[in-house]
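Take a look at the letters that make up each chain.
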2 protein chains.
Amino acid sequence: MYALKDFGSFHVGGRSVTVTGRETRLLHFTPELTWQYDPNGDFLIEQVYVQYFIPAEQTFPHPLVLLHGGGLTGACWETTPDGRPGWLHDFLRQGFAVYVIDNVERGRAGFCALEGVWGGEPVMRTAAEAWELFRFGRPEDFAAGKPFDGQRFPLEAMESFQRQFVPRWTSTSEAQIRGVGAALRRIGPCVLVCHSQGGYLGSHAALEAPDCMRGVVSAEGSGWPAQERISSEAVSGAPWLLLFGDFIDQSPRWSDARRETAAFGEQVQAAGGRAELVELPDVGFPGATHMFMMDAHSAGISEWLGAWIRNNCGAKSLD
Amino acid sequence: MYALKDFGSFHVGGRSVTVTGRETRLLHFTPELTWQYDPNGDFLIEQVYVQYFIPAEQTFPHPLVLLHGGGLTGACWETTPDGRPGWLHDFLRQGFAVYVIDNVERGRAGFCALEGVWGGEPVMRTAAEAWELFRFGRPEDFAAGKPFDGQRFPLEAMESFQRQFVPRWTSTSEAQIRGVGAALRRIGPCVLVCHSQGGYLGSHAALEAPDCMRGVVSAEGSGWPAQERISSEAVSGAPWLLLFGDFIDQSPRWSDARRETAAFGEQVQAAGGRAELVELPDVGFPGATHMFMMDAHSAGISEWLGAWIRNNCGAKSLD
């Protein structure tokens with residue numbers, strides 16, 4: 001049972017693009033419904049979709065904003081592949097208001113299909129790529145389905161997980177950062193919880209909107225803003241929690257990411273901010289994969305994280 | 001305030017596609033994170049996304065399933081462009097359980113970006129096309145912004161409406177019908193409320209899953225199954241409500257659609273089923289556009305529709 005004060009959605013951000021000089025052509029919208037399609041005119045692109053849930057008894061003043069990683073949408077926070085409640089539900093039950101983003105190009109935000117506006121092409125993810133990138137096991141053990149010892153991702157539901165995959169571009173970071181920024185400014189003071197590519201995009205957006213930030217949680221963020229962006233003003237308002245799962249040492253990619261993340265944390269502290277790097281095995285969650293919001297102990301991790309947020313993101317001042 | 005017994009989401013349906021023989025290439029997922037992308041392997045495509053909301057006090061046994069039209073996603077049922085609650089909220093408050101679909105290729109269902117698997121290309125909609133197709137006014141009056149007299153769409157929020165637009169293919173109808181069918185079978189006995197292209201797709205899926213249907217509401221469906229599909233078994237379980245808005249006579253396209261829809265209704269009745277064609281101006285809602293779930297009187301229309309469903313879709317038998 002849920003008692004919600006409100007729930008709903010909105011689109012925000014984006015820009016207008018005008019197409020001219022193209023030829024019209026006949027399209028069949030359905031076999032019966034044809035349409036002389038005119039590709040010229042005004043289009044709106046690069047908006048962001050946000051769905052929000054406000055609990056009747058909100059016990060923390062600042063909402064959480066959940067930002068998915070690459071090749072995924074906001075749906076990744078709703079349910080685990082094996083059908084347990086996702087972090088959206090966990091945090092609501094903990095008394096947080098929760099905003100879930102579909103970033104530019106993903107899910108209900110839509111993508112830009114206009115010729116020549118976005119570079120590159122959308123790419124899709126195989127199970128084998130997920131296996132390696134998300135640290136379910138060693139790449140060479142994918143075919144045999146032999147995961148890391150003790151890993152906690154529900155691999156029996158791999159096909160269900162794959163249904164959540166959507167295509168991604170590799171050329172849209174700037175538009176995605178603007179989109180997240182537009183969402184943050186609309187939402188106001190909040191704690192941003194961002195995963196993987198979302199950590200890269202969200203950290204840029206957070207540094208550009210310090211007045212909106214009461215905390216930034218990066219769940220294995222993949223890349224960081226350059227040091228010149230980390231001004232004392234940009235990091236004055238919000239503590240940063242930099243989370244990693246298990247098996248990092250067994251992945252050169254994620255070993256690099258942890259080193260770069262630690263360097264970012266030091267830069268935040270050097271600028272007068274606060275940053276804490278936590279490895280989940282050290283706080284009671286061994287076996288955490290890159291998708292730890294879906295692992296078997298996802299509810300325990302969200303409880304730990306909710307407590308961290310309550311203890312660290314309450315006040316504008318960090319003093 | 002909302003009291004919900006439950007809410008959540010799932011993906012359902014789709015198929016596996018195996019790609020072989022393509023060359024790997026280097027991608028930049030973020031500027032820092034490169035990846036030797038292997039486009040070969042197993043992909044899951046053509047799944048459907050469903051989000052559901054179950055009220056604490058459900059006062060009608062069969063859930064409503066809301067299926068969007070072309071170039072839109074399930075978000076079209078959540079909010080009107082001018083920020084009023086959408087039909088999802090209206091029906092929940094009326095005591096219905098509500099399931100909202102993102103069909104194949106749309107929203108959180110994702111689309112297939114694999115080369116050569118889907119035909120055609122995604123197309124986007126301009127404001128001018130929406131103006132004509134959705135009957136906001138005469139095409140020649142778009143530039144001047146002069147709508148039909150008495151039309152009720154919130155045109156002052158046109159830009160907000162455009163943010164809901166997403167690309168669509170014109171080659172995916174079969175996959176979309178399969179996707180809706182998979183959702184209906186997972187949900188079980190229900191009343192399907194489908195809009196525009198969703199009427200075309202939903203009517204096919206409904207005829208193929210008569211055991212799941214307790215009613216079918218087509219909001220200006222654009223196209224119908226061929227007569228040989230309308231067997232007595234296919235139409236035995238559920239009454240059909242075929243809704244139209246206003247200004248039909250001023251649009252050759254929608255005049256054709258109304259005529260084809262009336263013919264479909266007669267075929268349903270000839271097969272022993274029940275079908276009713278209702279024009280909204282005749283039941284108290286003049287000025288209804290093609291987007292009548294967003295018009296200024298959208299809440300009145302959903303109230304009328306909820307009552308129709310209670311009065312007509314209660315029983316398995318139509319006797």
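See the structure printed just above.
What you see is a predicted model, and the numbers here were worked out from it, not measured in a lab. (Residues numbered from 1 in each chain as written. Chains lettered and ligands numbered in written order. Predicted model: local features only at pLDDT ≥ 70, side-chain atom pairs only at ≥ 80, totals over all residues. Heavy atoms only, no water.)

Turning to the overall build of chain A, a few remarks are in order. The helix and strand inventory of chain A stands at seven helices and 10 strands. Taken against the 2.2 N^0.38 rule, which gives 20 Å for 319 residues, the C-alpha radius of gyration of chain A at 20 Å falls within 12% of a compact globule. The principal-axis extents of the C-alpha atoms in chain A amount to approximately 60 × 50 × 45 Å. Considering only residue pairs separated by 6 or more positions, chain A has 75% of its internal contacts joining residues 24 or more positions apart. Summed over its atoms, the accessible surface of chain A is roughly 11200 Å², and 47% of this surface lies on carbon and sulfur atoms. (Helix = DSSP H or I, 4+ residues; strand = E, 2+ residues; numbered from the N terminus. Rg over C-alpha atoms; globule rule 2.2 N^0.38 Å. Contact = heavy atoms within 4.5 Å. Areas by Shrake-Rupley, 256 points an atom, 1.4 Å probe, with all protein chains shown as cover.)

Further remarks concern helix H6 (residues 252–270) of chain B. Side chains that are three or four residues apart share a direction in an α-helix, a result of its 3.6 residues per turn. Residue and element names in this part refer to chain B. With 19 residues, H6 should cover 27 Å at 1.5 Å per step; its first-to-last C-alpha distance of 27 Å lies within 8% of that length. Buried residues of H6: Trp254, Ser255, Ala257, Arg258, Thr261, Phe264, Gly265 and Val268, and no others. Residues of H6 that are buried in the fold lie against helix H2 (127–133), strand S9 (240–244) and strand S10 (275–279). Gly272, located one to two residues past H6, shows a positive phi value of around 95°. (Expected span 1.5 Å × (residues − 1). Buried < 20%, exposed > 50% of the residue type's maximum accessible area, 1.4 Å probe, protein only.)

For the rest of this paragraph, the subject is the packing of helix H4 (residues 173–187) of chain B against helix H5 (residues 197–208) of chain B. All names here are of chain B. Following both chains from N to C, one finds H4 and H5 inclined at 55°, their axes separated by 9 Å at the closest point. Judged on the interaxial angle alone, H5 and H4 are oblique. Where H4 crosses over H5, the handedness of that crossing is right-handed. Residues Ser173, Gln176, Ile177, Val180, Gly181 and Leu184 of H4 form the contact with H5, whose participating residues are Gln197, Tyr200, Leu201, His204, Ala205, Ala206 and Glu208. (Axes fitted to C-alpha atoms, helices over the stretch in contact; angles between N-to-C directions. Parallel < 35°, antiparallel > 145°, perpendicular 65-115°, else oblique. Left-handed = near helix turned anticlockwise from the far one by under 90°.)

Before going further, it helps to spend a moment on the packing of aromatic side chains. One pass over the full model with this rule turns up 48 aromatic pairs over all chains. The interplanar angle of 20° and the centroid separation of 6.5 Å between the aromatic rings of A:Phe53 and B:Phe53 together place this pair among those described as stacked. One end of the pair, A:Phe53, is in strand S4 (residues 41–55); the other, B:Phe53, is in strand S4 (residues 41–55), on a second chain. Taking the relative accessible area as the measure of exposure, B:Phe53 reaches 0% and is therefore buried. Put simply, the rings of A:Tyr2, A:Phe7, A:Phe53, B:Tyr2, B:Phe7 and B:Phe53 touch in pairs and so form one group of aromatic residues. The residue whose ring lies beneath A:Arg186 is A:Phe10, and the NZ or CZ to ring-centre distance is 4.0 Å. Here the basic side chain of A:Arg310 rests over the ring of A:Phe96, its NZ or CZ set 4.6 Å away from the ring centre. (Phe/Tyr/Trp six-rings, centres within 6.5 Å; stacked < 30°, edge-to-face > 60°. Lys NZ or Arg CZ within 6 Å of the ring centre and 35° of its normal.)

With respect to the helices and strands, A:Gln151 occurs in the loop between helix H2 (127–133) and helix H3 (158–162). Among all residues touching A:Gln151, those that are not within four sequence positions of it are A:Phe136, A:Phe247, A:Gly287 and A:Thr289.

It is worth spelling out the pattern of salt bridges at this point. Applying the stated criterion across every chain, the model contains 32 salt bridges over all chains. Here A:Glu78 makes a salt bridge to B:Arg108, at a shortest N to O gap of 3.1 Å. Of this pair, A:Glu78 sits in the loop between strand S5 (64–67) and helix H1 (87–93) while B:Arg108 sits in the loop between strand S6 (98–102) and H2, each in a different chain. Assessed through its relative accessible area of 0%, B:Arg108 is described here as buried. A:Arg138 is the salt-bridge partner of A:Glu140, the closest N and O atoms lying 3.4 Å from each other. Overall, A:Glu140 belongs to the exposed group, its relative accessible area being 53%. When its relative accessible area of 38% is taken as the criterion, A:Arg138 is described as partly exposed. By sharing partners, the salt bridges in this structure join A:Arg15, A:Glu46 and A:Arg178 into a single network. (Salt bridge = Lys/Arg side-chain N within 4 Å of Asp/Glu carboxyl O.)

Right, let's talk about the layout of surface pockets for a bit. Taken as a whole, the largest pocket encloses approximately 930 Å³ of empty space. Surrounding the largest pocket, 39 residues form its lining, A:Glu121, A:Pro122, B:Glu121, B:Pro122 and B:Trp169 being those nearest its centre. Considered class by class, the residues forming the lining of the largest pocket number 24 nonpolar, five polar and 10 charged. (1 Å grid on protein atoms, 1.4 Å probe; cavity = no way out; pocket = protein on both sides within 12 Å on 5 of 7 lines; lining within 4 Å. Points joined across faces, edges and corners; volume = space filled by probe spheres on them. Nonpolar A, V, L, I, M, F, W, Y, C, P; charged D, E, K, R; others polar.)

This part takes up the interface of chain B and chain A. Contact residues are listed per partner, giving 79 residues for chain B and 80 residues for chain A. When the buried area of chain B at its contact with chain A is split by residue, B:Arg108, B:Met124 and B:Arg163 rank highest and sum to 12% of it. Where chain B touches chain A, the interface holds six salt bridges. For A:Asp102, the salt bridge is made with B:Arg108, and the minimal N-O distance between the two is 3.0 Å. Top contributing element to the side of chain B that touches chain A by residue count: strand S1 (residues 2–19) of chain B, with 11 residues. In terms of residue class, the side of chain B that touches chain A is built from 38 nonpolar, 24 polar and 17 charged. Relative to S1(B), strand S1 (residues 2–19) of chain A runs antiparallel, the two sharing three bridges. Looking across to S1(B), one finds that A:Tyr2 is bridged to B:Leu4. (Buried area = accessible area lost by both parts, 1.4 Å probe. Pairing = 2+ DSSP bridges.)

Attention shifts here to unusual backbone geometry. Backbone geometry at A:Ser196 places phi at a positive 60°, although glycine is not the residue there. In the Ramachandran plot, B:Glu220 falls in the positive-phi region, its phi being about 50° despite a non-glycine side chain. Tracing the backbone through its elements, the reader meets B:Glu220 in the loop between strand S8 (213–219) and S9.

Attention now moves to the nonpolar core. Burial of nonpolar side chains together is a common tendency in soluble globular proteins. The biggest cluster of nonpolar side chains holds 216 residues, and the ones touching the most others in it are A:Phe161, A:Trp240, A:Ile309, B:Phe161, B:Trp240 and B:Ile309. With residues up to four places along the chain from it excluded, the contact list for A:Ile309 reads A:Phe60, A:Leu64, A:Phe96, A:Val191, A:Val193, A:Val217 and A:Gly314. (Core = buried A, V, L, I, M, F, W, Y, C linked by side-chain atoms within 4.5 Å.)

What follows covers the relation of the copies chain B and chain A. Rotating chain B by 180° about the axis while translating it 0.0 Å along that axis superimposes it on chain A, leaving an RMSD of 0.0 Å. The transformation just described matches what one would write down for a two-fold rotation axis. Of every C-alpha in chain B, the one belonging to B:Gly107 sits nearest the axis of rotation, 2.0 Å from it. Both copies contact each other with a shared surface, as 100% of the interface residues of chain B are interface residues in chain A too. (Least-squares fit on C-alpha atoms with pLDDT ≥ 70 in both.)

With that settled, the discussion passes to the pairing of S4(A). Residues and elements named next belong to chain A. Among the 15 residues of S4, 14 are classified as buried, and the element is accordingly described as predominantly covered. Pairing of S1 with S4, which is carried by 14 bridges, proceeds in the antiparallel orientation. When the sheet's bridge partners are listed, Arg15 is paired in S4 with Ile45. Pairing analysis gives five bridges linking S4 to strand S6 (residues 98–102), with the strands arranged antiparallel. By the bridge assignment, Tyr49 is partnered in S6 with Asp102.

A separate point is the pairing of strand S10 (residues 275–279) of chain A. All names here are of chain A. Sheet topology places strand S9 (residues 240–244) next to S10; five bridges connect them, and they run parallel. Bridge pairing in S10 places Trp240 opposite Ala275. Regarding topology, helix H6 (residues 252–270) serves as the crossover connection from S9 to the parallel S10, and that connection is right-handed. (Right-handed = clockwise from strand over helix to strand, strands pointing away.)

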